Amino acid sequence: MTAEASNDRLDDDDYPAYTMGRAAAMLGTTQGFLRAIGDARLITPLRSEGGHRRYSRYQLRIAARARELVDQGTSIEAACRIVALEDQLEEAQRINAEYRRAAETADCRG
């Protein structure tokens, strides 16, 4: 892989660029917290060839939201469920907006 191709992947929100230690440091949390939200299936980090967890920027945003809720006194399990539901709602709203745009475009042509 060329250096240019590697740099392009770093712009990918889903590219697992961060080690567990780096991810924990960026979030200001512990590696145990990342393991806990992984155990709760909020995020599933990819594994390097050596078996080490690797996190994407998207996963770090999800983990940061869970951490906010935990810091406010929500249990990890409840925080993970809330964040998962928020993520599903956001995706559904995005899909609905796409359908609306497609319908409006079809109406304009009709």
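Provided above is the structure to which this section pertains.
Let me begin by describing the structure that accompanies this report.

**Regarding the layout of surface pockets**
Part 1 of the argument: Volume-wise, the largest pocket comes out at about 180 Å³.
Part 2 of the argument: As for the largest pocket, its lining consists of 15 residues, and the residues nearest its centre are Leu42, Ile43, Thr44, Tyr58 and Gln59.
Part 3 of the argument: At the level of elements, helix H4 (57-71) and helix H5 (76-109) are the ones that each hand at least two residues to the lining of the largest pocket.
Part 4 of the argument: Among the residues forming the lining of the largest pocket, the class breakdown is eight nonpolar, three polar and four charged.

**Let's talk about the sheet that holds strand E3 (residues 53-55)**
Part 1 of the argument: Pairing is antiparallel in the open sheet, where three strands are placed in the order E1-E3-E2. Looking at strand neighbours, the two that pair on one side only are strand E1 (18-19) and strand E2 (46-47), the edges of this open sheet.
Part 2 of the argument: Sheet topology places E2 next to E3; two bridges connect them, and they run antiparallel. Bridge pairing in E3 links leucine 46 to arginine 54.

**Examining the side chain of serine 56**
Part 1 of the argument: Position of serine 56 among the secondary structure elements: in the loop between E3 and H4.
Part 2 of the argument: According to the relative accessible area criterion, serine 56 is buried, its value standing at 3%.
Part 3 of the argument: In contact with serine 56, not counting residues within four places along its chain, are Asp13, Asp14, Tyr15, Pro16 and Tyr18.

**Focus: the environment of alanine 64**
Part 1 of the argument: Structurally, the position occupied by alanine 64 is in helix H4.
Part 2 of the argument: For alanine 64, a relative accessible area of 28% puts it in the partly exposed group.
Part 3 of the argument: In this structure the C-alpha to C-alpha distance between alanine 64 and glutamate 91, which are 27 residues apart in sequence, comes to 18 Å.

**Structural notes on the packing of H4 against H5**
When two helices pack together, you describe them by how their axes are tilted relative to each other and by the distance separating the axes.
Part 1 of the argument: Close contact between H4 and H5 brings their axes to 9 Å; oriented N to C, the two are set at 130°. By the angle between their axes, H4 is oblique relative to H5. Crossing of H4 against H5: the hand is right-handed. Where H4 abuts H5, its residues Tyr58, Ile62, Arg65, Ala66, Leu69 and Val70 lie against Ile76, Ala79, Ile82, Val83, Glu86 and Asp87.
Part 2 of the argument: Looking at the contact of H4 with H5 residue by residue, the classes come out as nine nonpolar, no polar and three charged.

Definitions and limits used
Residues numbered from 1 in each chain as written. Predicted model: local features only at pLDDT ≥ 70, side-chain atom pairs only at ≥ 80, totals over all residues. Heavy atoms only, no water. 1 Å grid on protein atoms, 1.4 Å probe; cavity = no way out; pocket = protein on both sides within 12 Å on 5 of 7 lines; lining within 4 Å. Points joined across faces, edges and corners; volume = space filled by probe spheres on them. Helix = DSSP H or I, 4+ residues; strand = E, 2+ residues; numbered from the N terminus. Nonpolar A, V, L, I, M, F, W, Y, C, P; charged D, E, K, R; others polar. Pairing = 2+ DSSP bridges. Buried < 20%, exposed > 50% of the residue type's maximum accessible area, 1.4 Å probe, protein only. Contact = heavy atoms within 4.5 Å. Axes fitted to C-alpha atoms, helices over the stretch in contact; angles between N-to-C directions. Parallel < 35°, antiparallel > 145°, perpendicular 65-115°, else oblique. Left-handed = near helix turned anticlockwise from the far one by under 90°.

Taken by themselves, the reported measurements are silent on function.
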